[in-house]
Amino acid sequence: MTATAKSQGPLFTRRALFTLIWPLLLEQTLSVTMGMADTLMVAGVGEAAVSSVSLVDSLNILIIQILSALATGGAVIASQYLGRRDEENASRSAAQLYSVLSISTVAVGVVCLLLSRLILRMVFGSIDEDVMRFAQQYFLISAVSYPFIGLYNGGAALFRAQGNSRISMLASLVMNVINIAGNALLIYGFSMGVIGAALATLIGRVFAAVFILHNPLRVQRFADLRPRRRPIMQILSIGIPSGLENGMFQIGKLCVSSLTSTLGTSAIAANAVANSVSTLANIPGNTMSLATIPVIGQCLGAGEKKQAQRYSVTLLGIAITGLAVTNAALFFLMPEVVTWFNLSAEASAMCTHVVHWFNLFSIFFWATSFTLPNALRAGGDAKFTMSVSIVSMWLFRVILSYIFVLQFHLGLTGVWFGMFIDWICRSLCFLVRFARGKWMEHKVI
(Lines give C-alpha, C1' and ligand atoms only; values in the text may rest on other atoms or scores of the structure.)
Protein backbone atom coordinates (compact mmCIF):
# COMPACT_ATOMS: atom_id res chain seq x y z
CA MET A 1 0.00 0.00 0.00
CA THR A 2 1.11 3.56 -0.59
CA ALA A 3 1.82 6.06 2.17
CA THR A 4 -1.34 7.90 1.19
CA ALA A 5 -3.47 4.78 1.47
CA LYS A 6 -2.18 4.09 4.97
CA SER A 7 -2.82 7.63 6.16
CA GLN A 8 -4.75 7.89 9.43
CA GLY A 9 -6.05 11.40 9.95
CA PRO A 10 -4.18 14.71 9.62
CA LEU A 11 -0.41 14.77 10.00
CA PHE A 12 -0.66 18.06 11.89
CA THR A 13 -3.45 18.60 14.39
CA ARG A 14 -4.49 22.12 15.36
CA ARG A 15 -2.47 21.72 18.53
CA ALA A 16 0.62 20.61 16.57
CA LEU A 17 0.30 23.60 14.23
CA PHE A 18 -0.13 25.95 17.18
CA THR A 19 2.90 24.42 18.90
CA LEU A 20 4.95 24.99 15.75
CA ILE A 21 3.65 28.47 14.92
CA TRP A 22 3.57 30.38 18.19
CA PRO A 23 7.34 30.11 18.92
CA LEU A 24 8.02 31.16 15.31
CA LEU A 25 5.73 34.17 15.77
CA LEU A 26 7.52 35.12 18.97
CA GLU A 27 10.90 34.54 17.33
CA GLN A 28 10.02 36.82 14.41
CA THR A 29 8.62 39.47 16.75
CA LEU A 30 11.78 39.41 18.85
CA SER A 31 14.00 39.56 15.78
CA VAL A 32 12.15 42.50 14.23
CA THR A 33 11.61 44.57 17.36
CA MET A 34 15.17 44.10 18.54
CA GLY A 35 16.39 44.84 15.02
CA MET A 36 14.49 48.11 15.21
CA ALA A 37 16.03 48.78 18.61
CA ASP A 38 19.42 48.19 16.97
CA THR A 39 18.61 50.81 14.31
CA LEU A 40 17.33 53.22 16.98
CA MET A 41 20.55 52.88 18.97
CA VAL A 42 22.71 53.48 15.90
CA ALA A 43 20.49 56.44 14.98
CA GLY A 44 21.79 58.21 18.06
CA VAL A 45 25.21 58.41 16.36
CA GLY A 46 23.75 60.39 13.41
CA GLU A 47 22.31 59.99 9.90
CA ALA A 48 25.70 59.03 8.43
CA ALA A 49 25.85 56.06 10.81
CA VAL A 50 22.27 55.02 10.00
CA SER A 51 23.00 55.29 6.28
CA SER A 52 26.22 53.25 6.51
CA VAL A 53 24.62 50.48 8.56
CA SER A 54 21.66 50.41 6.17
CA LEU A 55 23.88 50.09 3.10
CA VAL A 56 26.09 47.38 4.59
CA ASP A 57 23.09 45.49 5.95
CA SER A 58 21.66 45.33 2.43
CA LEU A 59 24.95 43.69 1.37
CA ASN A 60 24.98 41.45 4.46
CA ILE A 61 21.45 40.32 3.69
CA LEU A 62 22.55 39.42 0.15
CA ILE A 63 25.34 37.20 1.44
CA ILE A 64 23.37 35.69 4.32
CA GLN A 65 20.31 35.00 2.15
CA ILE A 66 22.41 33.15 -0.43
CA LEU A 67 23.99 31.03 2.28
CA SER A 68 20.72 30.51 4.17
CA ALA A 69 19.22 29.01 1.00
CA LEU A 70 21.43 26.00 1.75
CA ALA A 71 19.70 25.74 5.14
CA THR A 72 16.35 25.80 3.32
CA GLY A 73 17.53 22.95 1.11
CA GLY A 74 18.60 20.97 4.15
CA ALA A 75 15.29 21.64 5.89
CA VAL A 76 13.27 20.44 2.89
CA ILE A 77 15.28 17.21 2.61
CA ALA A 78 15.15 16.56 6.37
CA SER A 79 11.40 17.30 6.48
CA GLN A 80 10.65 14.83 3.71
CA TYR A 81 12.79 12.11 5.29
CA LEU A 82 11.07 12.71 8.64
CA GLY A 83 7.67 12.55 6.93
CA ARG A 84 8.76 9.15 5.60
CA ARG A 85 9.92 8.17 9.14
CA ASP A 86 13.52 7.76 7.91
CA GLU A 87 15.48 9.37 10.75
CA GLU A 88 18.80 7.82 9.73
CA ASN A 89 18.89 9.60 6.37
CA ALA A 90 17.52 12.76 7.98
CA SER A 91 20.53 12.78 10.34
CA ARG A 92 22.96 12.14 7.50
CA SER A 93 21.48 15.03 5.56
CA ALA A 94 21.87 17.26 8.61
CA ALA A 95 25.57 16.40 8.88
CA GLN A 96 26.12 17.20 5.22
CA LEU A 97 24.27 20.49 5.63
CA TYR A 98 26.65 21.53 8.42
CA SER A 99 29.64 20.63 6.24
CA VAL A 100 28.39 22.67 3.28
CA LEU A 101 27.49 25.64 5.49
CA SER A 102 30.83 25.63 7.31
CA ILE A 103 32.91 25.59 4.13
CA SER A 104 30.84 28.16 2.26
CA THR A 105 30.46 30.68 5.09
CA VAL A 106 34.16 30.66 5.98
CA ALA A 107 35.15 31.10 2.33
CA VAL A 108 32.77 34.04 1.82
CA GLY A 109 33.85 35.65 5.09
CA VAL A 110 37.55 35.54 4.12
CA VAL A 111 36.86 37.09 0.69
CA CYS A 112 34.86 39.93 2.28
CA LEU A 113 37.61 40.59 4.85
CA LEU A 114 40.28 40.85 2.16
CA LEU A 115 38.27 42.92 -0.35
CA SER A 116 35.94 44.94 1.91
CA ARG A 117 36.60 48.44 0.55
CA LEU A 118 36.68 47.29 -3.08
CA ILE A 119 33.34 45.48 -2.64
CA LEU A 120 31.72 48.52 -1.04
CA ARG A 121 32.94 50.83 -3.83
CA MET A 122 31.78 48.41 -6.53
CA VAL A 123 28.32 48.05 -5.00
CA PHE A 124 27.59 51.55 -3.73
CA GLY A 125 29.81 53.71 -5.90
CA SER A 126 30.55 57.23 -4.71
CA ILE A 127 29.11 57.91 -1.26
CA ASP A 128 30.08 60.47 1.39
CA GLU A 129 33.43 59.70 3.00
CA ASP A 130 31.90 59.57 6.50
CA VAL A 131 29.38 57.00 5.30
CA MET A 132 32.13 54.96 3.61
CA ARG A 133 34.32 54.97 6.72
CA PHE A 134 31.48 53.76 8.93
CA ALA A 135 30.40 51.23 6.30
CA GLN A 136 33.84 49.62 6.05
CA GLN A 137 34.12 49.29 9.83
CA TYR A 138 30.71 47.63 10.03
CA PHE A 139 31.35 45.35 7.03
CA LEU A 140 34.68 43.98 8.32
CA ILE A 141 33.19 42.87 11.63
CA SER A 142 30.05 41.56 9.92
CA ALA A 143 32.20 39.30 7.71
CA VAL A 144 33.63 37.58 10.80
CA SER A 145 30.09 36.70 11.90
CA TYR A 146 29.08 34.91 8.66
CA PRO A 147 30.12 31.39 9.76
CA PHE A 148 28.21 31.78 13.02
CA ILE A 149 24.99 33.04 11.46
CA GLY A 150 25.31 30.25 8.90
CA LEU A 151 25.49 27.59 11.60
CA TYR A 152 22.60 29.23 13.46
CA ASN A 153 20.43 29.24 10.32
CA GLY A 154 21.26 25.60 9.64
CA GLY A 155 20.52 24.47 13.18
CA ALA A 156 17.30 26.49 13.36
CA ALA A 157 16.10 25.08 10.02
CA LEU A 158 16.72 21.52 11.21
CA PHE A 159 14.83 22.06 14.47
CA ARG A 160 11.87 23.47 12.53
CA ALA A 161 12.02 20.49 10.16
CA GLN A 162 11.29 18.33 13.20
CA GLY A 163 8.36 20.54 14.19
CA ASN A 164 10.32 22.02 17.10
CA SER A 165 10.42 25.79 16.70
CA ARG A 166 10.84 26.49 20.43
CA ILE A 167 14.62 25.97 20.35
CA SER A 168 15.17 28.36 17.43
CA MET A 169 13.00 30.89 19.29
CA LEU A 170 15.17 30.61 22.39
CA ALA A 171 18.35 30.89 20.31
CA SER A 172 16.96 34.00 18.63
CA LEU A 173 16.12 35.42 22.04
CA VAL A 174 19.67 34.80 23.27
CA MET A 175 21.15 36.38 20.12
CA ASN A 176 18.96 39.46 20.21
CA VAL A 177 19.23 40.11 23.95
CA ILE A 178 23.02 39.94 23.71
CA ASN A 179 22.89 42.24 20.67
CA ILE A 180 20.78 44.88 22.43
CA ALA A 181 22.71 44.68 25.70
CA GLY A 182 25.96 44.88 23.73
CA ASN A 183 24.69 47.91 21.84
CA ALA A 184 23.80 49.68 25.07
CA LEU A 185 27.23 48.94 26.54
CA LEU A 186 29.43 49.47 23.48
CA ILE A 187 27.61 52.32 21.71
CA TYR A 188 26.66 54.38 24.74
CA GLY A 189 28.87 53.05 27.55
CA PHE A 190 32.14 52.98 25.56
CA SER A 191 31.12 55.43 22.78
CA MET A 192 32.19 52.94 20.07
CA GLY A 193 29.47 53.95 17.59
CA VAL A 194 29.14 51.74 14.51
CA ILE A 195 31.99 49.46 15.64
CA GLY A 196 30.10 48.83 18.89
CA ALA A 197 26.94 47.92 16.98
CA ALA A 198 28.87 45.46 14.78
CA LEU A 199 30.66 43.83 17.72
CA ALA A 200 27.39 43.37 19.61
CA THR A 201 25.90 41.63 16.56
CA LEU A 202 28.96 39.37 16.24
CA ILE A 203 28.87 38.31 19.90
CA GLY A 204 25.15 37.57 19.70
CA ARG A 205 25.61 35.38 16.62
CA VAL A 206 28.44 33.41 18.24
CA PHE A 207 26.29 32.55 21.24
CA ALA A 208 23.28 31.66 19.06
CA ALA A 209 25.39 29.32 16.88
CA VAL A 210 26.66 27.44 19.95
CA PHE A 211 23.17 27.30 21.48
CA ILE A 212 21.46 25.87 18.39
CA LEU A 213 23.95 23.05 17.70
CA HIS A 214 22.45 20.75 20.37
CA ASN A 215 20.02 19.07 17.97
CA PRO A 216 18.51 15.55 17.80
CA LEU A 217 19.72 15.55 14.18
CA ARG A 218 23.18 16.62 15.29
CA VAL A 219 26.40 15.11 13.98
CA GLN A 220 27.00 11.79 15.75
CA ARG A 221 30.53 11.23 14.43
CA PHE A 222 33.08 13.47 12.75
CA ALA A 223 33.16 10.95 9.89
CA ASP A 224 29.57 11.97 9.07
CA LEU A 225 30.86 15.42 8.12
CA ARG A 226 32.90 13.99 5.25
CA PRO A 227 31.26 15.27 2.04
CA ARG A 228 29.00 12.66 0.43
CA ARG A 229 27.69 13.13 -3.06
CA ARG A 230 24.08 11.96 -2.80
CA PRO A 231 22.90 13.93 0.26
CA ILE A 232 24.82 17.02 -0.87
CA MET A 233 23.19 16.85 -4.30
CA GLN A 234 19.78 16.51 -2.65
CA ILE A 235 20.43 19.61 -0.55
CA LEU A 236 21.83 21.54 -3.51
CA SER A 237 18.86 20.61 -5.72
CA ILE A 238 16.85 22.95 -3.50
CA GLY A 239 19.66 25.12 -2.16
CA ILE A 240 21.22 26.21 -5.46
CA PRO A 241 18.01 27.44 -7.12
CA SER A 242 16.95 29.06 -3.83
CA GLY A 243 20.41 30.60 -3.43
CA LEU A 244 20.38 31.94 -6.98
CA GLU A 245 16.89 33.28 -6.37
CA ASN A 246 17.88 34.93 -3.09
CA GLY A 247 21.12 36.19 -4.58
CA MET A 248 19.59 37.75 -7.67
CA PHE A 249 16.79 39.16 -5.55
CA GLN A 250 19.25 40.82 -3.17
CA ILE A 251 21.53 41.98 -6.02
CA GLY A 252 18.48 43.62 -7.53
CA LYS A 253 17.77 45.26 -4.19
CA LEU A 254 21.38 46.46 -4.06
CA CYS A 255 20.96 48.03 -7.50
CA VAL A 256 17.90 49.78 -6.16
CA SER A 257 19.85 50.78 -3.02
CA SER A 258 22.52 52.24 -5.28
CA LEU A 259 19.77 54.24 -6.99
CA THR A 260 18.43 55.33 -3.60
CA SER A 261 21.91 56.50 -2.55
CA THR A 262 21.85 59.05 -5.39
CA LEU A 263 18.77 60.69 -3.83
CA GLY A 264 20.79 62.00 -0.87
CA THR A 265 21.46 61.12 2.77
CA SER A 266 17.89 61.97 3.85
CA ALA A 267 16.45 59.52 1.31
CA ILE A 268 18.92 56.81 2.36
CA ALA A 269 18.00 57.29 6.03
CA ALA A 270 14.25 57.40 5.23
CA ASN A 271 14.55 54.21 3.18
CA ALA A 272 16.52 52.49 5.97
CA VAL A 273 13.92 53.31 8.60
CA ALA A 274 11.02 52.43 6.26
CA ASN A 275 12.60 49.03 5.58
CA SER A 276 13.11 48.46 9.30
CA VAL A 277 9.60 49.56 10.32
CA SER A 278 7.86 47.65 7.52
CA THR A 279 9.30 44.40 8.83
CA LEU A 280 6.99 44.83 11.84
CA ALA A 281 3.97 44.48 9.59
CA ASN A 282 5.51 41.43 7.87
CA ILE A 283 5.85 39.36 11.06
CA PRO A 284 2.77 37.15 10.39
CA GLY A 285 3.82 36.51 6.79
CA ASN A 286 7.40 35.62 7.72
CA THR A 287 6.15 33.35 10.49
CA MET A 288 3.95 31.37 8.13
CA SER A 289 6.77 31.21 5.58
CA LEU A 290 8.97 29.45 8.13
CA ALA A 291 6.15 27.12 9.20
CA THR A 292 5.35 26.13 5.62
CA ILE A 293 8.62 24.27 4.93
CA PRO A 294 8.35 21.60 7.68
CA VAL A 295 4.58 21.18 7.38
CA ILE A 296 4.42 20.78 3.60
CA GLY A 297 7.74 18.91 3.47
CA GLN A 298 6.55 16.28 5.94
CA CYS A 299 3.20 15.93 4.14
CA LEU A 300 4.87 15.30 0.79
CA GLY A 301 7.48 13.01 2.34
CA ALA A 302 4.58 10.91 3.65
CA GLY A 303 2.89 10.97 0.23
CA GLU A 304 -0.02 13.11 1.49
CA LYS A 305 -0.57 15.51 -1.43
CA LYS A 306 -4.11 16.46 -0.45
CA GLN A 307 -2.97 17.36 3.04
CA ALA A 308 -0.09 19.36 1.57
CA GLN A 309 -2.56 21.42 -0.47
CA ARG A 310 -4.92 21.88 2.44
CA TYR A 311 -2.22 22.98 4.88
CA SER A 312 -0.77 25.35 2.27
CA VAL A 313 -4.13 27.12 1.96
CA THR A 314 -4.55 27.18 5.74
CA LEU A 315 -1.13 28.72 6.39
CA LEU A 316 -1.59 31.21 3.55
CA GLY A 317 -4.96 32.26 5.00
CA ILE A 318 -3.44 32.78 8.44
CA ALA A 319 -0.65 34.84 6.88
CA ILE A 320 -3.05 37.11 4.97
CA THR A 321 -5.25 37.63 8.04
CA GLY A 322 -2.26 38.47 10.20
CA LEU A 323 -0.83 40.83 7.59
CA ALA A 324 -4.16 42.68 7.40
CA VAL A 325 -4.11 43.28 11.17
CA THR A 326 -0.46 44.37 11.47
CA ASN A 327 -0.46 46.58 8.38
CA ALA A 328 -3.67 48.34 9.42
CA ALA A 329 -2.18 49.01 12.87
CA LEU A 330 1.10 50.33 11.44
CA PHE A 331 -0.74 52.55 8.95
CA PHE A 332 -2.40 54.49 11.76
CA LEU A 333 0.59 54.43 14.14
CA MET A 334 3.26 55.41 11.60
CA PRO A 335 3.22 59.20 12.27
CA GLU A 336 4.15 58.41 15.87
CA VAL A 337 6.55 55.54 15.11
CA VAL A 338 8.70 57.63 12.77
CA THR A 339 9.44 60.10 15.58
CA TRP A 340 11.44 57.39 17.37
CA PHE A 341 14.25 57.42 14.80
CA ASN A 342 15.72 60.92 15.13
CA LEU A 343 15.23 61.70 11.41
CA SER A 344 15.09 65.12 9.81
CA ALA A 345 11.66 66.50 8.90
CA GLU A 346 12.29 65.72 5.21
CA ALA A 347 13.35 62.13 5.91
CA SER A 348 10.42 61.59 8.30
CA ALA A 349 7.89 62.73 5.70
CA MET A 350 9.38 60.47 3.00
CA CYS A 351 9.50 57.50 5.36
CA THR A 352 5.86 57.86 6.46
CA HIS A 353 4.67 58.26 2.87
CA VAL A 354 6.29 55.07 1.52
CA VAL A 355 5.31 52.98 4.56
CA HIS A 356 1.66 53.96 4.10
CA TRP A 357 1.77 52.69 0.52
CA PHE A 358 3.58 49.56 1.71
CA ASN A 359 0.77 48.81 4.18
CA LEU A 360 -1.88 48.91 1.46
CA PHE A 361 -0.06 46.65 -1.00
CA SER A 362 1.26 44.25 1.65
CA ILE A 363 -2.23 43.20 2.79
CA PHE A 364 -3.15 41.92 -0.66
CA PHE A 365 0.11 40.74 -2.25
CA TRP A 366 2.85 40.00 0.30
CA ALA A 367 1.73 36.53 1.40
CA THR A 368 1.16 35.25 -2.14
CA SER A 369 4.57 36.65 -3.14
CA PHE A 370 6.65 35.23 -0.30
CA THR A 371 4.71 32.76 1.87
CA LEU A 372 3.08 30.71 -0.90
CA PRO A 373 6.32 29.97 -2.82
CA ASN A 374 7.71 28.24 0.26
CA ALA A 375 5.05 25.57 -0.25
CA LEU A 376 6.33 25.13 -3.80
CA ARG A 377 9.93 24.89 -2.57
CA ALA A 378 8.94 22.28 0.01
CA GLY A 379 7.70 20.20 -2.92
CA GLY A 380 11.00 20.58 -4.76
CA ASP A 381 9.70 23.22 -7.20
CA ALA A 382 12.62 25.56 -6.45
CA LYS A 383 13.58 26.10 -10.10
CA PHE A 384 10.16 27.55 -10.90
CA THR A 385 10.18 29.93 -7.93
CA MET A 386 13.72 30.94 -8.87
CA SER A 387 12.79 31.72 -12.48
CA VAL A 388 9.72 33.75 -11.56
CA SER A 389 11.49 35.67 -8.82
CA ILE A 390 14.52 36.59 -10.90
CA VAL A 391 12.54 37.69 -13.96
CA SER A 392 10.00 39.64 -11.92
CA MET A 393 12.68 41.23 -9.74
CA TRP A 394 14.76 42.57 -12.60
CA LEU A 395 11.95 43.42 -14.98
CA PHE A 396 9.76 45.23 -12.50
CA ARG A 397 11.52 46.12 -9.25
CA VAL A 398 14.85 47.15 -10.76
CA ILE A 399 14.06 48.50 -14.23
CA LEU A 400 10.80 50.16 -13.24
CA SER A 401 12.45 51.77 -10.21
CA TYR A 402 15.02 53.44 -12.44
CA ILE A 403 12.29 54.55 -14.86
CA PHE A 404 10.11 55.92 -12.05
CA VAL A 405 13.03 57.78 -10.45
CA LEU A 406 15.03 58.98 -13.47
CA GLN A 407 12.24 59.54 -16.00
CA PHE A 408 9.22 60.40 -13.85
CA HIS A 409 11.17 61.94 -10.93
CA LEU A 410 9.10 60.13 -8.29
CA GLY A 411 12.02 59.94 -5.85
CA LEU A 412 11.91 57.35 -3.08
CA THR A 413 8.23 56.62 -3.80
CA GLY A 414 9.19 55.43 -7.30
CA VAL A 415 11.62 52.90 -5.81
CA TRP A 416 8.90 51.39 -3.65
CA PHE A 417 6.30 51.31 -6.43
CA GLY A 418 8.67 49.20 -8.52
CA MET A 419 8.66 46.74 -5.63
CA PHE A 420 4.85 46.68 -5.40
CA ILE A 421 4.47 45.84 -9.09
CA ASP A 422 7.03 43.06 -8.62
CA TRP A 423 4.80 41.61 -5.87
CA ILE A 424 1.74 41.60 -8.14
CA CYS A 425 3.59 39.70 -10.88
CA ARG A 426 4.95 37.11 -8.42
CA SER A 427 1.54 36.60 -6.85
CA LEU A 428 -0.13 35.83 -10.16
CA CYS A 429 2.56 33.34 -11.22
CA PHE A 430 2.70 31.48 -7.90
CA LEU A 431 -1.09 31.28 -7.54
CA VAL A 432 -1.43 29.73 -11.00
CA ARG A 433 1.39 27.24 -10.32
CA PHE A 434 -0.10 26.24 -6.98
CA ALA A 435 -3.59 25.75 -8.42
CA ARG A 436 -2.28 23.44 -11.18
CA GLY A 437 -0.58 21.16 -8.63
CA LYS A 438 2.58 20.46 -10.67
CA TRP A 439 4.75 21.60 -7.73
CA MET A 440 3.93 18.31 -5.93
CA GLU A 441 5.19 16.06 -8.73
CA HIS A 442 8.94 16.45 -8.08
CA LYS A 443 11.07 13.62 -6.67
CA VAL A 444 13.16 15.18 -3.91
CA ILE A 445 14.38 12.14 -1.93
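Check the entry above for the structure.
Engineer: Please give an account of the overall build of the chain that cites residues and values.
Structural biologist: For the chain, the helix and strand inventory stands at 14 helices and zero strands. Its C-alpha atoms give the chain a radius of gyration of 21 Å, near enough to 22 Å, the size a compact globule of 445 residues would have. Considering only C-alpha atoms, the chain reaches an extent of 70 × 45 × 35 Å along its principal axes. In the chain, which comprises 445 residues, the proportion classed as buried is 56%. Restricting to contacts in the chain with at least 6 residues of sequence separation, those with at least 24 account for 85%.

Engineer: Summarise the layout of surface pockets; cite the residues concerned and give the values.
Structural biologist: Empty space within the largest pocket amounts to approximately 220 Å³. Along the wall of the largest pocket there are 14 residues; nearest its centre are Q80, L300, M440, H442 and K443. A breakdown of the residues in the lining of the largest pocket according to their chemical character gives four nonpolar, six polar and four charged.

Engineer: Just give me the short version of the state of the cysteines, but keep the residues and values in it.
Structural biologist: The tally for this structure, following the rule as stated, stands at zero disulfides. Summary of cysteine pairing: C112 is not part of a disulfide, and the nearest cysteine sulfur, belonging to C255, is at 17 Å. With a relative accessible area of 6%, C112 lands in the buried category.

What counts and what doesn't
- Residues numbered from 1 in each chain as written.
- Predicted model: local features only at pLDDT ≥ 70, side-chain atom pairs only at ≥ 80, totals over all residues.
- Heavy atoms only, no water.
- Helix = DSSP H or I, 4+ residues; strand = E, 2+ residues; numbered from the N terminus.
- Rg over C-alpha atoms; globule rule 2.2 N^0.38 Å.
- Buried < 20%, exposed > 50% of the residue type's maximum accessible area, 1.4 Å probe, protein only.
- Contact = heavy atoms within 4.5 Å.
- 1 Å grid on protein atoms, 1.4 Å probe; cavity = no way out; pocket = protein on both sides within 12 Å on 5 of 7 lines; lining within 4 Å.
- Points joined across faces, edges and corners; volume = space filled by probe spheres on them.
- Nonpolar A, V, L, I, M, F, W, Y, C, P; charged D, E, K, R; others polar.
- Disulfide = S-S within 2.5 Å.

That is the geometry; function is a separate question.
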